[in-house]
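# Architecture and fold: a report
Single-letter residue listing:
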Amino acid sequence: MKIQKSDILIVHCFMIIRYKECTNANIELNDFCATNNLVIGGTLFKHKNCHKVTWVSPAGNAENQIDHITISQRWRSSLQDVRVKRGADAASDHHLVIGSIKMKLLAQKKSVVKRRKFNVGKLKIPNIREEFQISLQNRFSAISDLDIEENDINNTWEQTKNVILETCEETLGYMQYKRKNWMSDNTWVKVEERRKAKEKVLNATTRQQKRQTQDLYREKDKEVKKNCKQDKRNYVEQLAQEAEIACSKGDIKSLYNTTKQLSGRRSNSNATGHDKQTVTSSKDVNTQQVSVDDSL
């Protein structure tokens, strides 16, 4: 009989122990379990006494629980139940002890492919849009003479897709995500170190590794917050100096823009739209009143 991988786990986790001699049996079993970090399964679940007794004397006047199933402390949560099955006819004075387990397997991590977006906003620029169209036409002209019936449709689709992707990559390029202009390069280095520390926390398998990686992540997080506070303070001081210089020169426009950046206020486009609607609605009311007066 071949032992599968799942059977190897059960062989290492479980061990059936039978004590025929009742003298000091409980003490020996407890010492053995304490030494090997095992748990006695028959003592974990509530059952009737008839479902706990594993041995009956030939005379039928003595009953005892002398057959046990032990499990490693690590797999304690996988053990669902342990009880005696008296109906099994095994031609023995011992009853069958059965333990049910539920294995919790580690889920496989799915590989996530990050998609990069092209900077399609450049197509609003006439020169770049014209360059993109010319490059795309030149590339398609190379495959326009191919006959679809002679070639595989999947191959034709791959060629078309590659033409579009290569043209977008050369002409448009990828999106460049904006960073906060007040954060220094040193702070972004600290942010990257914190991100790597977070990955180590997620990939930790043991409690000791998780504890160590969490301590490392806390240190990196403190460094990032400390650098961010310092960068923000320097940024505000720089804007304040620019506002003072603009005020001394009488540059109202620069002073207004700098003050707006310091306050963090933005123009409310919805309010202006609401005002326009009210103005137009009032004009409509006036025109209706004039038409009514004329009719009268």
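## Notes on the packing of aromatic side chains
- Enumeration according to the criterion identifies one aromatic pair in this entry.
- For the ring pair F118 and Y174, a centre distance of 5.0 Å and an interplane angle of 15° mean the geometry is stacked. In this pair, F118 is assigned in the loop between β7 (96-101) and α3 (126-143) and Y174 in the loop between α4 (153-171) and α5 (185-203), connecting sequence segments 56 residues apart.
- What makes Y174 partly exposed here is its relative accessible area of 23%.
- The ring centre of Y174 lies 3.9 Å from the NZ or CZ of R116, which sits over that ring.
- Looking at K232, its charged tip hangs above the ring of W182, at a distance of 4.9 Å from the centre.

## Some thoughts on empty space enclosed by the protein
- A complete count under the given rule lists two cavities of 30 Å³ or more for this structure.
- Its boundaries defined by the atoms lining it, the largest cavity holds a volume of some 80 Å³.
- Taken together, 14 residues make up the lining of the largest cavity; nearest its centre are G42, H51, K52, Q65 and V82.
- Only β5 (67-72) and β6 (79-85) provide two or more residues apiece to the lining of the largest cavity.
- Partitioning the lining of the largest cavity into residue classes produces five nonpolar, six polar and three charged.

## Topic: the layout of surface pockets
- When its volume is computed, the largest pocket comes out at roughly 720 Å³.
- In this structure, the largest pocket is lined by 17 residues; those nearest its centre are R74, W75, K104, L106 and T205.
- For the lining of the largest pocket, a count of residues per class yields eight nonpolar, five polar and four charged.

## Looking at the nonpolar core
- Core analysis: the largest hydrophobic core is formed by eight residues, namely V39, F45, I69, I71, L79, V82, V84 and V97.
- Elements with a minimum of two residues in this core: β5 and β6.
- Sequence-distant contacts of V97, defined by excluding residues within four places in its chain, comprise T54, D67, I69, V82, R83 and V84.

## A closer look at α5
- Here α5 contains 19 residues, and its C-alpha end-to-end distance of 28 Å stays within 8% of the 27 Å for a straight helix at 1.5 Å per residue.
- For α5, every residue scored as buried is listed here: T187, A197 and V201. One side of α5 holds all its buried residues, which, seen down the axis, span an arc of 75°. Exposed residues pointing more than 90 degrees away from the buried face of α5 are listed as D185 and L202.
- Those residues of α5 that are buried lie in contact with α6 (207-249).

## A closer look at the confidence of the model for the protein chain
- In the predicted model, the protein chain carries a mean pLDDT of 76, and the fraction of residues at 70 or more is 77%.
- Ranking the elements of the protein chain by mean pLDDT puts helix α1 (residues 5-13) last with 37 and α6 first with 90.
- Contacts for the low-pLDDT stretch residues 1-22, under 50 throughout, to residues beyond four places or in other chains number 36 contacts.

## Observations regarding the pattern of salt bridges
- Across all of its chains, the model carries 10 salt bridges by this definition.
- It is possible to trace a salt-bridge network through shared partners that takes in R139, E166 and E170.

## Examining the packing of α5 against α6
- Running from N to C, α5 and α6 cross one another at 160°; their axes reach a closest spacing of 9 Å. The angle between the axes of α5 and α6 places the two elements in the roughly antiparallel class. In this structure, α5 crosses over α6, and the sense of that crossing is left-handed. Note on element contacts: α6 touches α5 through T213, Q214, L216, Y217, K220, D221, E223, V224, N227, C228 and D231, opposite N186, T187, K190, V191, E193, R194, A197, K198, K200 and V201.
- Looking at side-chain class alone, the contact of α5 with α6 contains seven nonpolar, five polar and nine charged residues.

## Description of the environment of Q214
- Tracing the sequence through the fold places Q214 in helix α6.
- As a C-alpha pair, Q214 and L202 span 12 residues in sequence and 9.5 Å in three-dimensional space.

## Some details on the side chain of T258
- The residue T258 is located in helix α7 (residues 252-263) in this model.
- In terms of polar contacts, T258 uses its side chain to reach the backbone carbonyl oxygen of S254, at 2.8 Å.
- Excluding residues that lie within four positions of it along the chain, T258 makes contacts with L239, E242 and A243.

## Considering helix α2 (residues 25-36)
- With 12 residues, α2 should reach 16 Å at 1.5 Å per residue; the first-to-last C-alpha distance of 17 Å fits that figure.
- Of all the positions in α2, only A25, L29 and C33 are classed as buried. Taken down its axis, α2 places every buried residue within 60° of arc, on the same side. In α2, the exposed positions angled more than 90 degrees off the buried face are occupied by I27, A34 and T35.

What counts as what
- Residues numbered from 1 in each chain as written.
- Predicted model: local features only at pLDDT ≥ 70, side-chain atom pairs only at ≥ 80, totals over all residues.
- Heavy atoms only, no water.
- Phe/Tyr/Trp six-rings, centres within 6.5 Å; stacked < 30°, edge-to-face > 60°.
- Helix = DSSP H or I, 4+ residues; strand = E, 2+ residues; numbered from the N terminus.
- Buried < 20%, exposed > 50% of the residue type's maximum accessible area, 1.4 Å probe, protein only.
- Lys NZ or Arg CZ within 6 Å of the ring centre and 35° of its normal.
- 1 Å grid on protein atoms, 1.4 Å probe; cavity = no way out; pocket = protein on both sides within 12 Å on 5 of 7 lines; lining within 4 Å.
- Points joined across faces, edges and corners; volume = space filled by probe spheres on them.
- Nonpolar A, V, L, I, M, F, W, Y, C, P; charged D, E, K, R; others polar.
- Core = buried A, V, L, I, M, F, W, Y, C linked by side-chain atoms within 4.5 Å.
- Contact = heavy atoms within 4.5 Å.
- Expected span 1.5 Å × (residues − 1).
- Arc of directions from axis to C-beta.
- pLDDT = per-residue confidence, 0-100.
- Salt bridge = Lys/Arg side-chain N within 4 Å of Asp/Glu carboxyl O.
- Axes fitted to C-alpha atoms, helices over the stretch in contact; angles between N-to-C directions.
- Parallel < 35°, antiparallel > 145°, perpendicular 65-115°, else oblique.
- Left-handed = near helix turned anticlockwise from the far one by under 90°.
- Polar contact = N/O pair within 3.5 Å; in protein donor to acceptor, adjacent residues only side chain to side chain.

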